Amino acid sequence: MEKLSRTLAGLMLALAALLLILGLAAGTLLDLRHPSYLAALLGALLLLVPAWLLRRKRNALAARLQRLSPARWALGLVLLCLAVNGLWLLLVRLEPEGDYVVFWQTAQLLSRGERPEGSAHLYLCLFPHLLGYSGFLAPFLRLFGESTAVPVLWNLAFTGISCLLLFRLCLDWLGLPAAVTAGLLWCFLPSKMLYNAMVLSEPLYTCLLLLFLLLVQWASQQQKLWRVLLSGALSGLLLQMLNLVRPIAAVPIIAAGIWILLLRGGQVRDKRAGLRWGGWFVLLLAVYLSLGRAGQSFLTGFLGEEPARVPGYNIYVGFNPDTQGSYSEEDMAAFGEVLHGPGEEDVNKTQRLMLDLALERAGSVKLPRLLLGKLQTFLGRDEGAVYYSARALSEPVRKLCTVFSNVWFYLLLLLSLPGLLRLRRRREQGAILLAPLYCIGLTLAQMLAEVANRYHYSILPMLVILAACAVGEKEETP
């Protein structure tokens, strides 16, 4: 069983590497109409040279890093992260656009004790997860006033907390040099910095995801059963909170199940460890599902009708070969026709009808070409934040931000590959395997639904972890 587990872990890591390579190739080598992407890749390759030179001197660097305690390094990195990202927020002010307007206007209504009506109410019934982030913002708008500074400052706070969580996780898994590397890679990640100026949920749910990973890691270090079970219950709570903001909690849940059942190496046949992790997972599911039912009941009472349960429209868009699975006005118009026609403005009926249309569309498309195009959008570049910031940026600044965003993203992808190889060589069986598992799971999930560049935001810290693996100092398992 141990040999099978290690084989499966190796295959999983190979699949993660393959997806990253395909995404990188689709965004650069297979899109020569835009040579700027290839130039960004060359820039990232040039940055690998100093990274390689530093890696050769890792023993001397590690000795210097040890002069400061991990606590001081963590504090310094968080302060650096807040300073760098906060400076951008002082320089750039953005007004909400697109879906961000829905977040903002709904949060304003909720802060005043009002409920959405008319088309706004219908839209929230169709896409109820939008209420999650708006509901989070509402009490703070009531307390501090209806200023976009409130969500922006929360974005900055979540970015700083995520930096601390990345440092802690990499310190446990890989050692101090890797933890410092992860903190620096996160601090200067350009796209995350740009997104912080917007009213959006990505910084919140990504921070919750990293908290979940920390809980799993904490559970793996505990000897007392009650602490393991406490971690399971808290994990269920965190993932339900995440799901209310962005309905992707199934990805980390499935990833955790795969890791527990198949990828823990010699521990897979340890009955005592199996029972402990089995109890952890059962409690996670119990808390997650019970809170989910309670949340669904609350949303039904708040909206006055049951919100949609099936993302039929998103799957319909995801199989559009003309837009490579991205949003289009034509698909939204078709959605409106179904909603006001055979859907009879019944949100669940409408979404089920859209799912039927999605299945019809899926049967007539060339899937390999479509999936490659979607992978290009999802993992081929990291310039989505520049697109959303365009109105607030001059053309030279916009081009500069695009270049920096893509170069840094390609650097993360390139560093992640030796990181995955290092995990394979040390026959890793710990909770760090949840990082590549999440990358695989979210990527495959996006291949079935509407895709956009910003949807890979929560993969960025996973790439940071994998990139940090390339500098990890801990000995490899023989």
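Everything discussed here concerns the structure shown above.
To start, this report covers the structure provided alongside it. Just so you know, these numbers come straight off a predicted model, no measurement behind them.

1. Some points on the overall build of the chain
Okay, so step 1: For the chain, the helix and strand inventory stands at 22 helices and zero strands.
Okay, so step 2: The globule rule puts the C-alpha radius of gyration for 478 residues at 23 Å, and the 22 Å found for the chain is close to it.
Okay, so step 3: Summarising its shape, the C-alpha atoms of the chain cover approximately 65 × 55 × 50 Å along the three principal directions.
Okay, so step 4: Counting only residues that meet the buried cut, the chain has 54% of its 478 residues in that class.
Okay, so step 5: Considering only residue pairs separated by 6 or more positions, the chain has 82% of its internal contacts joining residues 24 or more positions apart.
Okay, so step 6: Here the chain displays about 21,600 Å² of accessible surface, and carbon together with sulfur accounts for 65% of that area.
Okay, so step 7: Where the 43 positive side-chain charges of the chain centre and where its 31 negative ones centre are 16 Å apart.

2. What about the side chain of serine 235?
Okay, so step 1: Note that serine 235 resides in helix 12 (residues 225-245).
Okay, so step 2: Those residues in contact with serine 235 that lie beyond four places of it in its chain are Phe212, Leu215, Trp280 and Leu284.

3. So, the nonpolar core
A general feature of soluble globular proteins is that nonpolar side chains tend to end up buried together.
Okay, so step 1: With 158 residues, the main nonpolar core has Trp259 and Trp280 as its most contacted residues.
Okay, so step 2: The greatest single-element share of this core, amounting to 13 residues, is contributed by helix 8 (residues 149-174).
Okay, so step 3: Every residue in contact with tryptophan 280, bar those within four places of it in the chain, is listed here: Phe212, Val216, Ala219, Val228, Leu229, Ser231, Gly232, Ser235, Ala256 and Ile260.

4. What about the environment of threonine 106?
Okay, so step 1: As for its placement among the helices and strands, threonine 106 is situated in helix 5 (residues 99-111).
Okay, so step 2: Separated by 14 residues in the primary sequence, threonine 106 and alanine 120 place their C-alpha atoms 8.3 Å from one another.
Okay, so step 3: There is a polar contact of 2.7 Å between the side chain of threonine 106 and the backbone oxygen of valine 102.

5. Thoughts on the pattern of salt bridges
Okay, so step 1: This structure, assessed with the given rule, holds nine salt bridges.
Okay, so step 2: Its salt-bridge partner being glutamate 306, residue arginine 309 comes within 2.6 Å of it at the nearest N-O pair.
Okay, so step 3: Relative accessible area serves as the criterion here: at 55%, arginine 309 is assigned to the exposed category.
Okay, so step 4: With a relative accessible area of 35%, glutamate 306 lands in the partly exposed category.
Okay, so step 5: In this structure, the salt-bridge partner of aspartate 331 is arginine 361, at a minimum N-O distance of 3.1 Å. In this pair, aspartate 331 sits in helix 16 (residues 329-340) while arginine 361 sits in helix 17 (residues 347-362), placing the two residues 30 residues apart along the sequence.

Quick notes on the rules
Residues numbered from 1 in each chain as written. Predicted model: local features only at pLDDT ≥ 70, side-chain atom pairs only at ≥ 80, totals over all residues. Heavy atoms only, no water. Helix = DSSP H or I, 4+ residues; strand = E, 2+ residues; numbered from the N terminus. Rg over C-alpha atoms; globule rule 2.2 N^0.38 Å. Buried < 20%, exposed > 50% of the residue type's maximum accessible area, 1.4 Å probe, protein only. Contact = heavy atoms within 4.5 Å. Areas by Shrake-Rupley, 256 points an atom, 1.4 Å probe, with all protein chains shown as cover. Lys, Arg positive; Asp, Glu negative; His and termini not counted. Charge placed at Lys NZ, Arg CZ, Asp CG, Glu CD. Core = buried A, V, L, I, M, F, W, Y, C linked by side-chain atoms within 4.5 Å. Polar contact = N/O pair within 3.5 Å; in protein donor to acceptor, adjacent residues only side chain to side chain. Salt bridge = Lys/Arg side-chain N within 4 Å of Asp/Glu carboxyl O.

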